[in-house]
Amino acid sequence: MSLSGSFLSDEQFQCSICLDVFTNPSTTPCGHSYCMTCISRYWDGCKVCQCPLCKKTFQKKPDLQINRTLREITEQFRSMRGGGTVGRERRGGRGDGALPDDLFHELKKKLPQTLPKPSLNAQPQVMTQLASSVPNHSPIAALIQELGPPPPPPTYLDSRSRRRFTLSGAASSQNLPLCEIHQRGMMIFCRTDRMCICPDCEAESHQDHDTVAVEDEWTETKSQLNLLEQEIQEMIRQRIRKIEEIRMSVSELELAVERETAGSVGLFFSLVSAIERSQAELIEVMEMSRRAAEHQAEVMVRQLELEVEELRRRGSALAELTQSDDHSHCIKTFPAISSPLPAKDWSGVSVNTDLGTRTIYRSLAALVGRFREELDNVAESGFPPLAVEPSPVRLQPRMKRVQEYAVDVTLDSNTAHPRLILSEDMKSVRCGDRHQLLPDNPERFDRVVCILGREAISSGRHYWEVEVGGKTDWDLGVARQSINRKGKIEVTPINGYWFLSLRNKNKYAFRTKPSTDVHLNLQPNKIGVFVDFEKGQVSFYNVDAKIHIYTFNDAFTESIYPFFSPCTNKSGKNDGPLVITPVNTTQ
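Caption draft 1: Structural detail: the pairing of strand β18 (residues 526–532). The element β18 is extensively covered by neighbouring structure, given that 7 of its 7 residues are classed as buried. Burial along β18 is two-sided: K526, G528, F530 and D532 and I527, V529 and V531, pointing in opposite directions, are all buried. Bridge analysis of strand β13 (residues 461–467) against β18 gives 7 bridges, and the strand direction is antiparallel. Residue pairing for β18: W464 is matched across the bridge by V529.

Below is the structure:
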């Protein structure tokens, strides 16, 4: 039997990628070898490199080098497998079939380091089979003889029983770990150092320690494991009960949050409503006081100006008399000039600066005092449980007053952007997917997705409501008649736009320059718009919560129109309509 057939097989020198004998073999960090070219191509383009055999993953591509020892052995194996005198003569060998001396010594030195080391039980059988399968005169027999006969199974001595045994049969079947120092089975456990040792280690380093057989220690440990398992199961049961208790607490907390929310909303809403009402009354009273003071000041100033004019006239006349040479004329004229002056004593006269707000402040202070008493009661005893539905919040007078100016608003189809789709009653508008074929009249918006109301506002007070629930984006308000409706538009009050915007479901803002962000705790489903043309005010309300949101103050110099924009439908996410709804003044 040849060397390649009995001792060195093709599989030991075969690349698992190209299935041929190694060419420039390279070894990966996990210990497997491949042709340098094969493994490099295998990893080309891979973000994470992986061994083809054991599938070990390398986050960084290994920097591979040629395994020179394995390459030399592979080349020698390839030469031996080919046979022939030429090959032997090229390596300086003899012609009698024996291995060259340099190859014999090279294999002797490198084979044990390169080939896989047989296990303890398998090595004697492999060496014995190899020795019996080659002729006595073969060079391989000389190599095996040089390496030595297979070692006998190791023999161990128990220090207590002094009984010899070998690592075979039942003992070897337990895969007993070997001591790295003495290469003997570690069947003893040192309780002092808490480690497994072999008999030689016990005799050398653990003579005075508490040592027992591993099996005895395992038997005792196993009983402790049973107790520990029962303890763990009890701990698991305790924690499961705690989990149920925590979940029950969360449920109770949710009920408490609902009760607290309902109570606090009603409590604070009454305070906010009273403050807003007082604020409106204060503004109205101060405005009336200001106008009265202005009128009083204008009257007094006019009287003073008339007296100044008369005094200047007499002063001029006196100056002329002093310069005149007509003595008789001076004597006749002087009595008329020297008559008592029609002057008024202005030393005690002043403009009335009393704004008349003390009564409102005193009323508000009393209201705040009652609120503090109610708040103290809540702090002491909390809100009562929600046994019944909470009573509806009283409609604030200011919003109730503006609802009295409700008007019937309809949409003007001549101003609608081509993508907008209107209802038959002209009360609803939404954005479609495509442009419609509509005449490009001057009134129509051609770039901004919006539409105006049909009714012009040039005087008085007007109020309407628009349903916006379910939409992610919209614009509502009023716009000036002369606004630009073609191309890109800058929607600011300076350019004739006063409206409230919603973007991305929860970002509310007023289109000022720069934009004014507004934070709403309650998301409105219906928006109320109120216009006072003479005062130049555009106000917005959360109809469902009865809360005032914001008021624009400006001066209107021409007619304005209701403004609506459902914004683009955002691939169906914002395809809901804006709906003009009737105003319910009976709530």
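What follows continues from the structure just given.
Caption draft 2: Quick look at the pattern of salt bridges. Evaluated as defined, the whole model comprises 18 salt bridges. Here D532 makes a salt bridge to R461, at a shortest N to O gap of 3.0 Å. Here D532, found in strand β18, pairs with R461, found in strand β13; they are 71 residues apart in sequence, far enough to count as distant. With a relative accessible area of 37%, R461 lands in the partly exposed category. Where D475 meets R503, a salt bridge forms, and the shortest distance between an N and an O atom there is 3.2 Å. Separated by 28 residues along the polypeptide, D475 in strand β14 (residues 474–480) and R503 in strand β15 (residues 497–503) bring together distant segments of the chain.

Caption draft 3: Spatial organisation of the sheet that holds strand β20 (residues 547–553). Sheet architecture is open: 7 strands sit in the order β10-β11-β22-β13-β18-β19-β20, paired in antiparallel fashion. The open sheet is flanked by β10 (420–422) and β20, the only strands paired with a single partner. Strand-to-strand twist of the sheet, defined as the mean angle between neighbouring strand axes without regard to direction, takes the value 20°. Relative to strand β22 (residues 578–581), β13 runs antiparallel, the two sharing 3 bridges. By the bridge assignment for β22, E467 is matched with V579.

Caption draft 4: Summary view of the nonpolar core. Core analysis: the largest hydrophobic core is formed by 34 residues, its most contacted members being W464, W474, I527, V538, F540 and F564. In contact with W474, other than residues within four places in its own chain, are V468, L500, S501, L502, R503, Y508, I527, S565, C567 and L578. C15, W43, F58 and L64 belong to the second-largest nonpolar core, a separate cluster that totals 13 residues.

Caption draft 5: Inspection of the side chain of H462 at higher detail. Tracing the chain through its elements places H462 in strand β13. Looking at H462, the relative accessible area reads 17%, which means it is buried. Once you skip the residues sitting within four places of it in the chain, H462 turns out to touch Y405, V407, I457, V529, F530 and V531.

Caption draft 6: Broad picture of the sheet that holds strand β7 (residues 188–190). Spatial strand order, β8-β7-β9: 3 strands in an open sheet with antiparallel pairing. Unpaired on one side and paired on the other, β8 (195–197) and β9 (211–213) mark the two borders of the sheet. Averaged over all pairs of adjacent strands, the angle between their axes in this sheet comes to 35°, without regard to strand direction. Each of β7, β8 and β9 touches helix α10 (residues 214–323); the most contacted strand, β9, lies at about 90° to it.

Caption draft 7: Seen up close, the environment of T261. With respect to the helices, strands and loops of the structure, T261 is situated in helix α10. Remark: the alpha-carbon pair of T261 and F383, spanning 122 residues in sequence, is separated by 9.6 Å. A distance of 2.6 Å separates the side chain of T261 from the backbone oxygen of V257, its partner in a polar contact.

Caption draft 8: Expanded view of the packing of aromatic side chains. What the rule picks out here adds up to 15 aromatic pairs. Seen in terms of ring centroids, F510 and F540 are 5.8 Å apart; in terms of plane orientation they differ by 50°. Their pairing is tilted. Taken together, the residues span a long stretch of sequence, with F510 in strand β16 (residues 507–510) and F540 in strand β19 (residues 537–542) at a distance of 30 residues. Take F510: its relative accessible area is 0%, and that puts it in the buried class.

Caption draft 9: Molecular detail of helix α2 (residues 36–43). When we look at burial in α2, the residues that qualify are M36, C38, I39 and W43. For α2, the buried positions fall inside an angular range of 170° around the axis, keeping them on one side. The elements touched by buried residues of α2 are β1 (25–27), β2 (33–35), β3 (49–50) and β4 (57–58). In the segment just after α2, G45 is the residue with positive phi, at about 80°.

Caption draft 10: Quick peek at the packing of α10 against helix α11 (residues 327–337). The interhelical angle for the contact between α10 and α11, taken along N-to-C directions, is 160°, at an axis separation of 11 Å. As far as their axial angle goes, α11 and α10 are roughly antiparallel. In the packing of α10 onto α11, the handedness of the crossing is left-handed. On α11, the residues that touch R314, A317, L318 and L321 of α10 are H329, C330, T333, F334 and I337.

Caption draft 11: Layout of the pairing of β20. Pairing analysis gives 6 bridges linking β19 to β20, with the strands arranged antiparallel. By the bridge assignment for β20, N542 is matched with I547.

Thresholds, definitions, all that
Residues numbered from 1 in each chain as written. Predicted model: local features only at pLDDT ≥ 70, side-chain atom pairs only at ≥ 80, totals over all residues. Heavy atoms only, no water. Buried < 20%, exposed > 50% of the residue type's maximum accessible area, 1.4 Å probe, protein only. Helix = DSSP H or I, 4+ residues; strand = E, 2+ residues; numbered from the N terminus. Pairing = 2+ DSSP bridges. Salt bridge = Lys/Arg side-chain N within 4 Å of Asp/Glu carboxyl O. Axes fitted to C-alpha atoms, helices over the stretch in contact; angles between N-to-C directions. Core = buried A, V, L, I, M, F, W, Y, C linked by side-chain atoms within 4.5 Å. Contact = heavy atoms within 4.5 Å. Polar contact = N/O pair within 3.5 Å; in protein donor to acceptor, adjacent residues only side chain to side chain. Phe/Tyr/Trp six-rings, centres within 6.5 Å; stacked < 30°, edge-to-face > 60°. Arc of directions from axis to C-beta. Parallel < 35°, antiparallel > 145°, perpendicular 65-115°, else oblique. Left-handed = near helix turned anticlockwise from the far one by under 90°.

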